[in-house]
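Examination of the molecular architecture
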Amino acid sequence: EGAGGAGSSLALRAAMVHVIGDIVQSVGVCVAAALIWAFSDRWLDASGVSYWYRVDPVCTYLFSLLVLYSSYGTMSEAVHLLMAGVPLDINISEVRSRLKAIPCVVGAHDVHVWALSASKRNMWAHLTVSAGADSASVLHAAQRAAADFGCDHTCFQLESEGHICAALHCGPPDVAHDHSHA
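Residues numbered from 1 in each chain as written. Predicted model: local features only at pLDDT ≥ 70, side-chain atom pairs only at ≥ 80, totals over all residues. Heavy atoms only, no water.

**Details of the pairing of strand S2 (residues 121-129)**
Regular strands place their side chains on alternate faces of the sheet. Counting buried residues along S2, 8 of its 9 residues qualify, which places the element largely inside the surrounding structure. Pairing between strand S1 (residues 105-115) and S2: 8 bridges, direction antiparallel. Its bridge partner being in S2, histidine 109 is matched across the sheet by histidine 126. The antiparallel hairpin formed by S1 and S2 contains 5 residues in its connecting segment. With 9 bridges joining them, S2 and strand S3 (residues 151-160) adopt parallel strand pairing. Paired with tryptophan 124 across the bridge in S3 is cysteine 155. (Buried < 20%, exposed > 50% of the residue type's maximum accessible area, 1.4 Å probe, protein only. Helix = DSSP H or I, 4+ residues; strand = E, 2+ residues; numbered from the N terminus. Pairing = 2+ DSSP bridges.)

**Description of helix H2 (residues 55-82)**
Over its 28 residues, H2 extends 40 Å from the first C-alpha to the last, a length consistent with the 40 Å expected when each residue adds 1.5 Å. Largest kink in H2: about 40 degrees, centred on tyrosine 72. Within the span of H2, buried status applies to Val55, Cys59, Phe63 and Leu81. Residues of H2 that are buried sit in contact with helix H1 (10-39) and S1. Positive backbone phi, approximately 55 degrees, marks alanine 84, located one or two places after H2. (Expected span 1.5 Å × (residues − 1). Bend = angle between axes of the 7 residues up to and from the residue. Contact = heavy atoms within 4.5 Å.)

Written out as structure tokens, the structure is:
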């Protein structure tokens, strides 16, 4: 299950919600059937049909509301993952500040953090470094910072101070556009 453990698996949580929902629905169906069986000769409408027969469609309606309610969180999280959204516990400003705090890093821009699953996170960023910076030590420090945010796959582009990023979507360093997908 990775670093997040069994509790963080979206599929496992969805399966658990489904099983619990099935159990609750089965109990409800049994209770409805018992009420219909026990009281079918009482509380009759004008045509002689027991009002207790209406318990079954009422239970079906209530269970459908229960399924909608219990699956909303799972669906919301699945859509967030599929849309490559920033993990909810990640603050992009905090990530950028942490990257800028690395010795010889004077700026961080084009910062992206996204999750492929509950336990697999990616990060990329363009880091502007001062002249003469040791790129290997900057990269290792950036990877350690990413690991602290739970990102185990990283891609950092180092740029010399004063360099304007050549990527068409990027622009000058430290312009506020973090592509956070939030």
